Amino acid sequence: MLVATALAMALLGHPHAKVAPSTRRYAAGVWTLTVHSDGFTGATTCSVRSSRIVIRRDTAIFELDPNKSTDHAQFRIDGGAARSVQDVTLENARHGVFPDRGWIDNPSGGEIAVPVTDIANAKRIWIRVWRHGRVVSFNVNHLGEVLRSAAGLGCPATAL
């Protein structure tokens, strides 16, 4: 009888038993979607990133040289017109993303933020940190598809 009860609890799950969390990773182009399911709480958290881009709260954070200020950086999406990072600061703030205000000599920490809606269907973004600096190119192709897949896998919009 004791063995049958233990077997039933193992198969059906004990209501107080912890369920192991699971992490699944999916790759699409340069992007990695990580879906973490907490079996104990039922919560799902997700992250989308590439080698130097992190998606956070509907905002793409581009990691550039941490020793350079990006307060006056400019960017171009798929060969469009050049825009200042200052142009999108208010929209980023509405998403809850604020520039990290680090050391006084470089408060940006070498990062710039661009709303995901601006690049979701783009192929490439070019960023220039300062007027005479070199241009850095980032592949953002397939981001929209990855975000749609994330929603289909149960990632709440607030979990990215």
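Details of the structure are given in the entry above.
As the structure is a computational prediction, the values presented were derived from the model and not from experiment.

Participant: Which residues make up the sheet that holds strand β1 (residues 22–28), and what values do they have?
Facilitator: Here six strands make up an open sheet; going across it, the order is β1-β2-β3-β4-β5-β8 and the pairing antiparallel. The sheet is open, and its two borders are formed by β1 and β8 (111–115), each paired with just one other strand. Pairwise comparison of adjacent strand axes, ignoring direction, gives a mean angle of 25 degrees for this sheet. By the bridge criterion, five bridges tie strand β5 (residues 59–63) to β8 in an arrangement that is antiparallel. Opposite A60, over in β8, you have V114 as the bridge partner.

Participant: How would you explain the pattern of salt bridges if you had to name every residue and give the values?
Facilitator: As enumerated under the stated definition, the model contains two salt bridges in all. Where E63 meets R49, a salt bridge forms, and the shortest distance between an N and an O atom there is 3.7 Å. Of this pair, E63 sits in strand β5 while R49 sits in strand β3 (residues 44–49), and the two are 14 residues apart along the sequence. Overall, the relative accessible area of 25% leaves E63 in the partly exposed class. Notably, a salt bridge pairs R83 with D118, separated by 3.1 Å at the nearest N-O pair. Here R83, found in strand β7 (residues 83–84), pairs with D118, found in helix α3 (residues 116–119); they are 35 residues apart in sequence, far enough to count as distant.

Participant: How would you summarise unusual backbone geometry if you had to cite specific residues and measurements?
Facilitator: The phi dihedral of R57 falls on the positive side, at around 55 degrees, and the residue is not glycine. Inspection of the secondary structure assignment puts R57 in the loop between β4 (53–56) and β5. One non-glycine residue with positive phi stands out, namely D78, at about 45 degrees. Secondary-structure assignment places D78 in the loop between β6 (74–77) and β7.

Participant: Provide a residue-level description of the state of the cysteines, including the pertinent values.
Facilitator: Here the structure, examined in full by the defined rule, presents one disulfide. The partner cysteine of C46 in its disulfide is C155, sulfur to sulfur 1.9 Å. With the S-S dihedral at roughly -90 degrees, the linkage between C46 and C155 falls on the left-handed side. Highlighted residues: C46 in strand β3 and C155 in the segment after α4 (143–152), separated in sequence by 109 residues. Taking relative accessible area as the criterion, C46 reaches 7% and is therefore assigned buried.

Participant: If you had to explain the sheet that holds β6 to someone new, which residues and values would you point to?
Facilitator: Taken in spatial order, the four strands make up an open sheet running β7-β6-β9-β10, and their pairing is antiparallel. Each edge of the sheet is formed by a strand with only one pairing partner; in this case those strands are β7 and β10 (135–139). In this structure, β6 lies alongside strand β9 (residues 124–128), joined through four bridges in antiparallel fashion. In the strand pairing of β9, I77 is matched with I125.

Thresholds, definitions, all that
- Residues numbered from 1 in each chain as written.
- Predicted model: local features only at pLDDT ≥ 70, side-chain atom pairs only at ≥ 80, totals over all residues.
- Heavy atoms only, no water.
- Pairing = 2+ DSSP bridges.
- Helix = DSSP H or I, 4+ residues; strand = E, 2+ residues; numbered from the N terminus.
- Axes fitted to C-alpha atoms, helices over the stretch in contact; angles between N-to-C directions.
- Salt bridge = Lys/Arg side-chain N within 4 Å of Asp/Glu carboxyl O.
- Buried < 20%, exposed > 50% of the residue type's maximum accessible area, 1.4 Å probe, protein only.
- Disulfide = S-S within 2.5 Å.

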